[in-house]
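# Geometric and topological summary
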Amino acid sequence: MSKDPSSVLVNPFSQRCMVEAETIAILDARRHDRDMTLIEPLTRVVKKGEIHEFVLTDDADAKPGARINRVAYLAFAVITQEGILSVGDHLFCGTETIGQIVGYDETHMPNHMNIVIYAAEAKTGAENNLYLGQSFFLLPLSFN
């Protein structure tokens, strides 16, 4: 099997559209024994209408290929503006930064993908005072 080029390149993009999503379920649970292994690729395409789960971790060592245990479940959201996600992209809720993408987990595929976000304090969706229909924005803060 050939090596995924996205795991080699630092940032192959000169421009990308912002990905947008809208919450459809707010979560209020956490685990300290999740044993989630993040997949190696740094990028994932998300399509309009897909539903994915957003999960926070406060594990500073979280990165593609790593195993993580501490997670707080944020929300399920439907993609409203498709695009390409990349490790390092930031998740915004309004003007507030929630955290930064550190990887993806495909345990539940093809049902949904877990988009794993690093946050210094991993709080659940309820603890973040999220509400149904709230907009998420995922975008890079800078390019190479």
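Look up: the structure comes first, before these words.
Let me begin by describing the structure that accompanies this report. (Residues numbered from 1 in each chain as written. Predicted model: local features only at pLDDT ≥ 70, side-chain atom pairs only at ≥ 80, totals over all residues. Heavy atoms only, no water.)

Moving on, we come to the overall build of the protein. Summing up its helical and strand segments, the protein has zero helices and eleven strands in all. Order of helices (α) and strands (β) in the protein, N terminus to C terminus: β-β-β-β-β-β-β-β-β-β-β. When burial is assessed residue by residue, the protein has 47% of its 144 residues classed as buried. Contacts spanning at least 24 positions in sequence make up 79% of the contacts within the protein whose residues lie at least 6 apart. Taken as a whole, the protein presents about 7,600 Å² of accessible surface, with 51% of it coming from carbon and sulfur. (Helix = DSSP H or I, 4+ residues; strand = E, 2+ residues; numbered from the N terminus. Buried < 20%, exposed > 50% of the residue type's maximum accessible area, 1.4 Å probe, protein only. Contact = heavy atoms within 4.5 Å. Areas by Shrake-Rupley, 256 points an atom, 1.4 Å probe, with all protein chains shown as cover.)

So, about the nonpolar core. Membership of the largest hydrophobic core comes to 25 residues, with the highest contact counts inside it found for Phe54, Leu56, Leu74, Leu85, Leu91, Ile115 and Phe136. Those elements that place two or more of their residues in this core are strand S1 (19–31), strand S4 (51–57), strand S6 (71–81), strand S8 (90–93), strand S9 (96–105), strand S10 (114–118) and strand S11 (135–139). Sort the elements by how many residues they give to this core and S6 lands first, with five residues. What Ile115 contacts, discounting residues up to four positions off in sequence, is His52, Glu53, Phe54, Val55, Leu85, Ile101, Gly103 and Tyr104. (Core = buried A, V, L, I, M, F, W, Y, C linked by side-chain atoms within 4.5 Å.)

Next up on the list: the environment of Gly65. Mapped onto the elements of the fold, Gly65 is located in the loop between S4 and strand S5 (67–68). Judged by relative accessible area, which is 35%, Gly65 ranks as partly exposed. Sequence separation between Gly65 and Gly103 is 38 residues; the distance between their C-alpha atoms is 8.3 Å. Filtering out sequence-adjacent residues up to four positions away, Gly65 remains in contact with Thr37, Leu38, Ile39 and Glu40.

Further remarks concern the pattern of salt bridges. Going through the model one piece at a time under the given rule, you end up with seven salt bridges. Arg44 is the partner of Glu106 in a salt bridge, and the nearest nitrogen-oxygen pair spans 3.3 Å. Of this pair, Glu106 sits in the loop between S9 and S10 while Arg44 sits in strand S3 (residues 43–46), and the two are 62 residues apart along the sequence. Classification of Glu106 by relative accessible area gives partly exposed; the value is 33%. (Salt bridge = Lys/Arg side-chain N within 4 Å of Asp/Glu carboxyl O.)

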